[in-house]
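Chain residues, written in single-letter form:
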Amino acid sequence: MAESEVNVINHLLDVEHQASEMISGAQGEADKRISSFRAQAETEYKKQYDDIIAGFEAGYKKHTEEIDSKHKKTVEQYKSDIQNTAQNKEAFGKLLDTILAVD
């Protein structure tokens, strides 16, 4: 009977060893899958991130170009208004004489 008990214990140890190997293999497979899915998710994230950033940059560039254009038009209009304004040098001279009290 002692031999039978030893055989049962050896059999149980073999089963435990096989279970340990199966768990180790399953853990390795799980690690591979997780790593693969993580790499895939990171690639997809990077692609979407780059697309969003490209959209923001395009919008920013368009908006700054619109602002630059509007600013140039405003400056040109101001220059035109200044150049087209009639100058009354005589009245300006009299104003300066009055302000500076020159007789």
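Anyway, here's the lowdown on the structure attached to this text. (Residues numbered from 1 in each chain as written. Predicted model: local features only at pLDDT ≥ 70, side-chain atom pairs only at ≥ 80, totals over all residues. Heavy atoms only, no water.)

1. Re the overall build of the chain
For step 1, the next point in the chain: Tallying secondary structure elements over the chain gives 2 helices and 0 strands in all.
For step 2, the next point in the chain: The C-alpha atoms of the chain give a radius of gyration of 43 Å, which is well past the 13 Å a tight globule of 103 residues would have.
For step 3, the next point in the chain: If you line up the chain on its principal axes, its C-alpha atoms span 140 × 30 × 10 Å.
For step 4, the next point in the chain: Looking at the chain as a whole, 0% of its 103 residues are labelled buried.
For step 5, the next point in the chain: By element, 59% of the accessible surface of the chain is carried by carbon and sulfur atoms, the whole surface being about 9,900 Å².
For step 6, the next point in the chain: Taking the 13 positively charged and 20 negatively charged side chains of the chain as two groups, their mean positions are separated by 17 Å. (Helix = DSSP H or I, 4+ residues; strand = E, 2+ residues; numbered from the N terminus. Rg over C-alpha atoms; globule rule 2.2 N^0.38 Å. Buried < 20%, exposed > 50% of the residue type's maximum accessible area, 1.4 Å probe, protein only. Areas by Shrake-Rupley, 256 points an atom, 1.4 Å probe, with all protein chains shown as cover. Lys, Arg positive; Asp, Glu negative; His and termini not counted. Charge placed at Lys NZ, Arg CZ, Asp CG, Glu CD.)

2. Some details on the packing of aromatic side chains
For step 1, the next point in the chain: Counting across every chain of the model gives 1 aromatic pair.
For step 2, the next point in the chain: Ring centres 6.1 Å apart and planes at 20° place the aromatic pair Tyr45 and Tyr49 in the stacked group. Here the residue Tyr45 and the residue Tyr49 both occupy positions in helix H1 (residues 2-84), the gap between them amounting to 4 residues, near one helical turn.
For step 3, the next point in the chain: What makes Tyr49 partly exposed here is its relative accessible area of 43%. (Phe/Tyr/Trp six-rings, centres within 6.5 Å; stacked < 30°, edge-to-face > 60°.)

3. A few points about a nonpolar patch on the surface
For step 1, the next point in the chain: A cluster of nonpolar residues, Phe92, Leu95, Leu96, Ile99 and Leu100, forms a patch on the protein surface that exposes about 520 Å² of accessible area.
For step 2, the next point in the chain: By the secondary structure assignment, Leu95 is in helix H2 (residues 89-100). (Patch = residues over 30% accessible without salt bridge, like charges linked within 9 Å, V, L, I, M, F, W, Y side chains within 5 Å. Salt bridge = Lys/Arg side-chain N within 4 Å of Asp/Glu carboxyl O.)

4. A short note on the pattern of salt bridges
For step 1, the next point in the chain: Tallied over the full model, the rule gives 4 salt bridges.
For step 2, the next point in the chain: When the shortest N-O distance is used, the salt bridge between Asp50 and Lys46 registers 3.1 Å. Of the two residues, Asp50 and Lys46 both sit in helix H1, 4 residues apart, roughly one turn of that helix.
For step 3, the next point in the chain: Looking at Asp50, the relative accessible area reads 33%, which means it is partly exposed.
For step 4, the next point in the chain: Residues Lys94 and Glu90 are paired through a salt bridge, measuring 3.7 Å at the closest nitrogen-oxygen approach.

5. Considering the environment of Ile82
For step 1, the next point in the chain: Along the polypeptide, Ile82 turns up in helix H1.
For step 2, the next point in the chain: For the pair Ile82 and Glu16, spaced 66 residues apart in sequence, the C-alpha separation works out to 96 Å.

6. Looking at H2
For step 1, the next point in the chain: In this model, H2 (12 residues) spans 16 Å end to end at C-alpha, consistent with the 16 Å of a helix rising 1.5 Å per residue.
For step 2, the next point in the chain: Among the 12 residues in H2, 0 count as buried, and that is only a small part of the element.
For step 3, the next point in the chain: Once H2 finishes, Ala101 follows within two positions and takes phi at roughly 55°, a positive value. (Expected span 1.5 Å × (residues − 1).)

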